[in-house]
Amino acid sequence: MSLYDDTVLVLKGYENQPELRQAYLDHLAAHQDGMWKACDAGHITASALVIDPGRGRVLLTLHRKLRMWLQMGGHCEPGDASLAAAALREATEESGIAGLTLLEGGPVRLDRHAIPPPCHWHFDVQYAAVASPHAAHAISDESLDLRWFPYDEVADVADASVVRLLEATRTRLGV
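Residues numbered from 1 in each chain as written. Predicted model: local features only at pLDDT ≥ 70, side-chain atom pairs only at ≥ 80, totals over all residues. Heavy atoms only, no water.

K.L.:
Please explain the overall build of the protein as it appears in this structure.
P.N.:
Of regular secondary structure, the protein possesses five helices and eight strands. Listing every helix and strand of the protein by position from the N terminus yields α-α-β-β-β-β-α-β-β-β-β-α-α. Against the compact-globule benchmark of 16 Å for 175 residues, the protein has a radius of gyration of 15 Å, which places it among compact chains. Principal-axis analysis of the C-alpha atoms places the extent of the protein at approximately 45 × 35 × 30 Å. Taken over 175 residues, the protein has a buried fraction of 48%. For the protein, the share of sequence-separated contacts (at least 6 apart) that also reach a separation of at least 24 residues comes to 66%. Of the roughly 8600 Å² of accessible surface on the protein, 53% is carried by carbon and sulfur atoms. Between the averaged position of the 15 positive side-chain charges in the protein and that of its 24 negative side-chain charges there is a distance of 3 Å. (Helix = DSSP H or I, 4+ residues; strand = E, 2+ residues; numbered from the N terminus. Rg over C-alpha atoms; globule rule 2.2 N^0.38 Å. Buried < 20%, exposed > 50% of the residue type's maximum accessible area, 1.4 Å probe, protein only. Contact = heavy atoms within 4.5 Å. Areas by Shrake-Rupley, 256 points an atom, 1.4 Å probe, with all protein chains shown as cover. Lys, Arg positive; Asp, Glu negative; His and termini not counted. Charge placed at Lys NZ, Arg CZ, Asp CG, Glu CD.)

K.L.:
Teacher, can you tell me more about the nonpolar core here?
P.N.:
Most often, soluble globular proteins keep nonpolar side chains buried together rather than apart. If you look at the biggest cluster of nonpolar residues, it comprises 32 residues, and the most contacted ones within it are Tyr-24, Ile-44, Val-50, Leu-83, Ile-97 and Val-125. When contributions to this core are tallied by element, the ones reaching two or more residues are helix H1 (3-13), helix H2 (18-30), strand E1 (43-52), helix H3 (83-95), strand E7 (121-130) and strand E8 (143-150). Dropping the residues within four chain positions of it, Val-50 is found in contact with Arg-57, Val-58, Leu-59, Met-72, Ala-91, Ile-97, Leu-100, Ala-129, Ala-131 and Trp-148. Counting residues in each nonpolar core, the second largest holds 17 residues, with Ile-51, Ala-128, Val-162 and Leu-165 among its members. (Core = buried A, V, L, I, M, F, W, Y, C linked by side-chain atoms within 4.5 Å.)

K.L.:
When you look at H1 in this model, what are you seeing that I'm missing?
P.N.:
For an α-helix, 3.6 residues make a turn, and residues three or four places apart therefore share a direction. All of the buried residues along H1 are Leu-3, Asp-6, Thr-7, Val-8, Val-10 and Leu-11. Buried positions along H1 lie against H2, E1, H3, strand E6 (109-114) and E7.

K.L.:
What exactly am I supposed to notice about the environment of Thr-171 here?
P.N.:
Note that Thr-171 resides in helix H5 (residues 160-173). On the basis of relative accessibility, which here comes to 63%, the residue Thr-171 falls in the exposed class.

K.L.:
Just checking my understanding: could you explain the packing of H1 against H2 for this structure?
P.N.:
Describing two packed helices takes the angle between their axes plus the distance from one axis to the other. The geometry of H1 relative to H2 is characterised by a closest axis approach of 10 Å and an angle of 155 degrees between their N-to-C directions. Viewed along their axes, H1 and H2 adopt a mutual orientation that is roughly antiparallel. Crossing geometry of H1 relative to H2 is assigned as left-handed. Residues Tyr-4, Thr-7, Val-8, Leu-11 and Lys-12 of H1 form the contact with H2, whose participating residues are Arg-21, Tyr-24, Leu-25, Leu-28 and Ala-29. Among the residues forming the contact of H1 with H2, the class breakdown is seven nonpolar, one polar and two charged. (Axes fitted to C-alpha atoms, helices over the stretch in contact; angles between N-to-C directions. Parallel < 35°, antiparallel > 145°, perpendicular 65-115°, else oblique. Left-handed = near helix turned anticlockwise from the far one by under 90°. Nonpolar A, V, L, I, M, F, W, Y, C, P; charged D, E, K, R; others polar.)

The following block contains the structure:
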């Protein structure tokens, strides 16, 4: 199965945010290259909020270009076997943490946001990745900083999209 086909299946199976989900599916139907960074109309991205549920904390990256505290994530690559694999690869690369596991149940949220030209939109499919309590992280080239934040401090440092992702993740965890 191709990454495109996997993404369409994942989105069709995602039951939340129906209007936004349909916008993602419409984008892919209209743009054969809609998975890739080269698509000027926008492209699918995959991200993962790295969490340590036992300690009630989240690992965020201070994005080098945007200078914002965000979850780990980025563009899909041709070698990604699935959308989930892309999210896990991005989380692992940007956090430096080996052994992350995606939270069961597929994507946690969708978040479409405008980005500077030449591309216009990121159609982000957001997962959550669980880290072990003693996981050691390492700052990647894409980050200025990498830091654990208690759940209740995330709203003080991150934008509303990260806060919504954390809320949806906590709901899925039952905390």
